[in-house]
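Working through the structure, step by step
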Amino acid sequence: MSLPMSLLIIAAYLLGSLSFAVIVSKTMGLADPRTYGSNNPGATNVLRSGNKKAAALTLLGDALKGWIAVFAAQWIAPLIGLGEAGSPSYTLAIAAVMIAVTIGHMWPIFFKFKGGKGVATAAGILLALNLWLGLATLAIWIFVAKVLKISSLSALIAAAATPLLTALLLPNQTVYLGAVTVIAVLLIQRHKQNIIGLMKGKESKIGDNSKS
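Residues numbered from 1 in each chain as written. Predicted model: local features only at pLDDT ≥ 70, side-chain atom pairs only at ≥ 80, totals over all residues. Heavy atoms only, no water.

As annotated in an unreviewed UniProt entry, the protein carries the name Glycerol-3-phosphate acyltransferase and is attributed to Deefgea piscis. According to UniProt, the comment filed for the protein under the heading Catalytic activity (unreviewed entry) is "an acyl phosphate + sn-glycerol 3-phosphate = a 1-acyl-sn-glycero-3-phosphate + phosphate". The annotation that UniProt attaches to the protein under Subunit (unreviewed entry) is "Probably interacts with PlsX." (UniProt positions renumbered as here; feature names shortened; annotations may be inferred.)

Here's what the structure looks like:
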């Protein structure tokens, strides 16, 4: 792996490691989201604090870091010798950044490797990769959330759909399809306890203050 590629991946991981749930909560004088509810540093759990502004800022921050990582990599890659858009080296670099920022969010070096589940960050990544892919994924999440009102189930269904959506909207882009699939698998794996809760019928609905 080249030095420019390594530096790009490290930068994406460090950006992903900024846990906005913790940062926003601390800034606004709220309890650490890792200490209540689902103990997950994410927007849904921050919402359980009763502070909608903090939850919105968390959602925005986590989504933006995913978007910025990919958008910045798309701009920087050609400048540091990783090829022009569409070239194999460029595509590989963008795919690696997508995975790196996701891993940073889930296992952040700045917060003892205890991170979130990656839903908002994945949304930001997809929006930067391809606007229609991101919007289609968000539409699925919103539809399921509106109908069933279960955040975890919305995330799981949207994650499961992203590889298919990628194959449809980005045909012949096998590297990007591979990266999206890895992110989807990681996201689903991070929802393991939620899957168990769903199977037992114990998952709380959006807006509940109970653990989920």
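**What about the pattern of salt bridges?**
Under the definition given, this model contains two salt bridges. Asp 62 is paired through a salt bridge with Lys 65; the nearest N and O atoms lie 3.4 Å apart. Of the two residues, Asp 62 and Lys 65 both sit in helix H4 (residues 52-76), three residues apart, roughly one turn of that helix. One exposure class covers both Asp 62 and Lys 65, and it is buried. (Salt bridge = Lys/Arg side-chain N within 4 Å of Asp/Glu carboxyl O. Helix = DSSP H or I, 4+ residues; strand = E, 2+ residues; numbered from the N terminus. Buried < 20%, exposed > 50% of the residue type's maximum accessible area, 1.4 Å probe, protein only.)

**A word on the UniProt feature "transmembrane region" (unreviewed entry) in the protein**
Under the local residue numbering, the UniProt record ascribes the feature "transmembrane region" (unreviewed entry) to residues 66-83, 90-110, 122-143 and 175-191. Across residues 122-143 one finds 95% helix and 0% strand; the C-alpha atoms that close the span lie 17 Å apart. Secondary structure across residues 175-191 comprises 94% helix and 0% strand; the distance between its end C-alpha atoms is 25 Å.

**Describing the packing of helix H7 (residues 131-148) against helix H8 (residues 151-169)**
Across the interface, H7 lies against H8 with an axial gap of 8 Å and an inter-helix angle of 150°. One element, H7, and the other, H8, form an angle in the roughly antiparallel class. Along this stretch, H7 crosses H8, giving a crossing that reads as right-handed. In contact with Trp 132, Leu 133, Ala 136, Thr 137, Ile 140, Trp 141, Val 144, Ala 145 and Leu 148 of H7, H8 contributes Ser 151, Leu 153, Ser 154, Ala 155, Ile 157, Ala 158, Ala 161, Thr 162, Leu 165, Thr 166 and Leu 169. By residue class, the composition of the contact of H7 with H8 is 15 nonpolar, five polar and no charged. (Axes fitted to C-alpha atoms, helices over the stretch in contact; angles between N-to-C directions. Parallel < 35°, antiparallel > 145°, perpendicular 65-115°, else oblique. Left-handed = near helix turned anticlockwise from the far one by under 90°. Contact = heavy atoms within 4.5 Å. Nonpolar A, V, L, I, M, F, W, Y, C, P; charged D, E, K, R; others polar.)

**Here we look at the side chain of His 191**
Relative to the elements of secondary structure, His 191 occurs in the loop between helix H9 (174-190) and helix H10 (192-200). Given a relative accessible area of 3%, His 191 falls into the buried group. Setting aside residues no more than four positions away along its own chain, His 191 makes contact with Lys 117, Val 119, Ser 152, Ala 155 and Leu 156.

**A look at the packing of H4 against helix H5 (residues 88-106)**
Two elements in contact, H4 and H5, have axes separated by 9 Å at closest approach and are oriented at 160°. Between H4 and H5, the interaxial angle falls into the category roughly antiparallel. Both H4 and H5 take part in a crossing whose hand is right-handed. Listed contacts from H5 to Asp 62, Lys 65, Gly 66, Ala 69, Val 70, Ala 73 and Gln 74 of H4 are Tyr 90, Ile 94, Val 97, Met 98, Val 101 and His 105. Counted by class, the contact of H4 with H5 contains eight nonpolar, three polar and two charged residues.

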